[in-house]
Amino acid sequence: MRVTLLGTGDTTGTPTVGCDCDTCEAARERGVERTRFSVHVENERIDESLLIDFSPDFRYQFLREEDLSLPDAAVITHIHFDHLDGLGNVFRVFDSLDVYAADETDPETGKSVAETVRDDYHYLEPITVRPTTPLETIHVCGFDVTLVPVEHPPLVCYGLAIEDPVTGAKLSISGDTSYNVPDGSREVLADPDLLLADAIVPAHLCEYHPIGGRHETDDGVPRTFGTKHMTREGALELAAELNAERTRLVHLAHYYPVDEAFEEPLAVDGEQYRLE
C-alpha cells in the first residue's frame, strides 16, 4: 500500500491566498504547501488506487504528483467544500468512477452524504455514487474499507480504515473531527500502521476561538478546538490511544505559529508512505 498525502491543509490551505503571516511567508520560502485535504492510496499488487476526498485542488495536486495514477474509485467523507468540490474535475477526465459515501441521513440536511453527492453532481455522467453503510466493511480496489462516524457538527462526517487483506497493512484516517470519536469508531481505527489525524491548531490557540476549547485533559489542555476539529495535542493523544505505529497530522491551518508550523509530526503535501 502506497499512501500519498496530496493535500494536508485546512479550508484555506497554507500559504493562504493574500496572507503575509510569518507561517505563510515561511511556507513560500521553503517551497512547501498544504493544499486542501486529499489522500491517494495505491494498491500496488493490483495496480488500482483509491482517492479519499476530492479536494478543490485536485487538478493541481495530480499535476504536481505526476507519478500518481488517477484513482479507480473514491470516498467522500463529508460535504464541506474543501473535501468535495474537486469532484467536478471528473468531467472530461474520467470515463467512469465509483464514488463511495455514507448512506445515513443527516438531520441537518435531510440527506445522506451519498444523496448530496448524487444530487449536486447529477450532471457528471462518469460517476456512480455507491451508498455505503458506516461500520460495514466494503471491498474497494483490493482493500477492505470501513467508514466510521466521527464528530464534526453540524454535519455528519466520517473517518475510515483501509486495510490490505493480503499484507495486513492498515491506514486509518480520523476525518474532520473533534476528539470525541465514538468508541465503536475507535475500535475500527485502532492499531494502524499509519494514522492521519486532524489537528487544525495547537491547543494554546483555543483561547482565540469564540467558544474556546473542549475535551480538556486532567491538566486543562484542550483536545478539541471549538467543536469541529482536534488540537495538535488532542490528535496526538488519540494516536496514542489507537496505538498508531506512525502518525502524521493533517488538515492543518496557517494559524500555527511559524516556530511550530513545520515541526514533526505535522505533514506537508507530497509525503509518501509504503505500508506492508
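Structure first, text after, so check above.
Residues numbered from 1 in each chain as written. Predicted model: local features only at pLDDT ≥ 70, side-chain atom pairs only at ≥ 80, totals over all residues. Heavy atoms only, no water.

**A word on unusual backbone geometry**
Put simply, the rule reads: Helix numbering and strand numbering both begin at the N terminus, where a helix is a DSSP run of H or I of at least 4 residues and a strand a DSSP run of E of at least 2.
Of note, the amide linkage connecting Thr 14 to Pro 15 takes the cis form, showing an omega dihedral of 0°. As for its placement among the helices and strands, Pro 15 is situated in the loop between strand S1 (2-7) and helix H1 (22-30). Here the residue pair Pro 153 and Pro 154 is connected by a cis peptide bond, since its omega of 10° sits within 30 degrees of zero. Notably, Asp 53 is not glycine yet its phi reads approximately 70°, a positive angle.

**What about the sheet that holds strand S8 (residues 143-152)?**
Heads up, the rule is: By the convention used here, strands pair only if DSSP detects at least 2 bridges between them. For helices, the fitted axis covers only the stretch in contact; all axes are lines through C-alpha atoms, and the angles between them, taken along N-to-C directions, range from 0 to 180 degrees.
Spatial ordering of the open sheet is given by S7-S8-S9-S10-S11-S15, a layout of 6 strands whose pairing is mixed. Looking at the sheet topology across the chains shown, the edges are occupied by strand S7 (138-140) and strand S15 (247-250). Each adjacent strand pair in this sheet contributes to an overall mean axis angle of 25°, direction not counted. Here S8 runs beside strand S9 (residues 155-163); their pairing, made up of 9 bridges, is antiparallel. Counterpart to Asp 144 in the pairing with S9 is Glu 163.

**Considerations on helix H4 (residues 113-120)**
Definition in use: Exposure categories follow from relative accessible area, calculated using a 1.4 Å probe and restricted to protein chains: below 20% of the type maximum is buried, above 50% is exposed, and the middle band is partly exposed. What the arc describes is the spread of directions from the helix axis to the C-beta atoms. For this analysis, residues touch if any pair of their heavy atoms sits within 4.5 Å.
When H4 is considered as a whole, its buried residues turn out to be Val 113, Ala 114, Thr 116 and Val 117. The buried residues of H4 occupy an angular sector of 165° when the element is viewed end-on, so they sit on one face. Looking at the packing, one finds that the buried side of H4 touches helix H3 (81-84), strand S5 (97-102), strand S6 (127-132) and S9.

**Thoughts on the side chain of Asp 82**
Note the threshold: When charges are counted, Lys and Arg are positive and Asp and Glu negative, with His and the chain ends excluded. Salt bridges are defined as contacts in which a side-chain nitrogen from Lys or Arg sits within 4 Å of a carboxyl oxygen from Asp or Glu. Counting of polar contacts relies on pairs of N or O atoms within 3.5 Å, with two restrictions inside protein: one atom must be capable of donating a hydrogen and the other of accepting it, and residues adjacent in sequence are counted only when both atoms are side-chain atoms.
Considering the arrangement of structural elements, one finds Asp 82 in helix H3. Despite its burial, Asp 82 remains without a salt bridge, the nearest opposite charge being carried by Arg 36 at 7.1 Å. At a separation of 3.5 Å, a polar atom in the side chain of Asp 82 contacts the side chain of His 83. Setting aside anything within four residues of it in sequence, one finds Asp 82 in contact with Asp 10, Thr 11, Arg 36, Phe 37, Phe 54, Ser 55, Pro 56 and His 251.

**Topic: the sheet that holds strand S13 (residues 222-225)**
Overall, antiparallel pairing links the 3 strands, which are arranged S12-S13-S14 in an open sheet. Here the strands that pair on one side only, and so sit at the sheet edges, are strand S12 (213-216) and strand S14 (229-230). Pairing between S12 and S13: 3 bridges, direction antiparallel. Bridged to Glu 216 within S13 is Pro 222.

**Observations regarding the side chain of Arg 34**
With respect to the helices and strands, the residue Arg 34 is situated in the loop between H1 and strand S2 (38-43). Buried within the structure, Arg 34 lacks any salt-bridge partner; its nearest side chain of opposite charge belongs to Asp 269, at an N-O separation of 6.4 Å. Contacts of Arg 34, omitting those with residues within four sequence positions, involve Thr 8, Gly 9, Gly 13, Thr 14, Leu 252, Ala 261, Phe 262, Leu 266, Ala 267, Val 268 and Asp 269.

**Quick notes on the pattern of salt bridges**
The tally for this structure, following the rule as stated, stands at 19 salt bridges. A salt bridge links Arg 248 to Glu 264; the shortest N-O distance between them is 2.5 Å. Of this pair, Arg 248 sits in strand S15 while Glu 264 sits in the loop between S15 and strand S16 (272-274), and the two are 16 residues apart along the sequence. According to the relative accessible area criterion, Arg 248 is buried, its value standing at 4%. Judged by its relative accessible area of 61%, Glu 264 falls in the exposed class.

**Thoughts on H1**
Turning to H1, its buried residues number three or more, namely Thr 23, Cys 24, Ala 26 and Ala 27. An end-on view of H1 places all buried positions within 160° of arc, on one side of the element. Opposite the packed face of H1, turned more than 90 degrees from it, sit the exposed residues Asp 22 and Glu 29. Two residues or fewer past H1, Gly 31 is found with a positive phi of approximately 70°.

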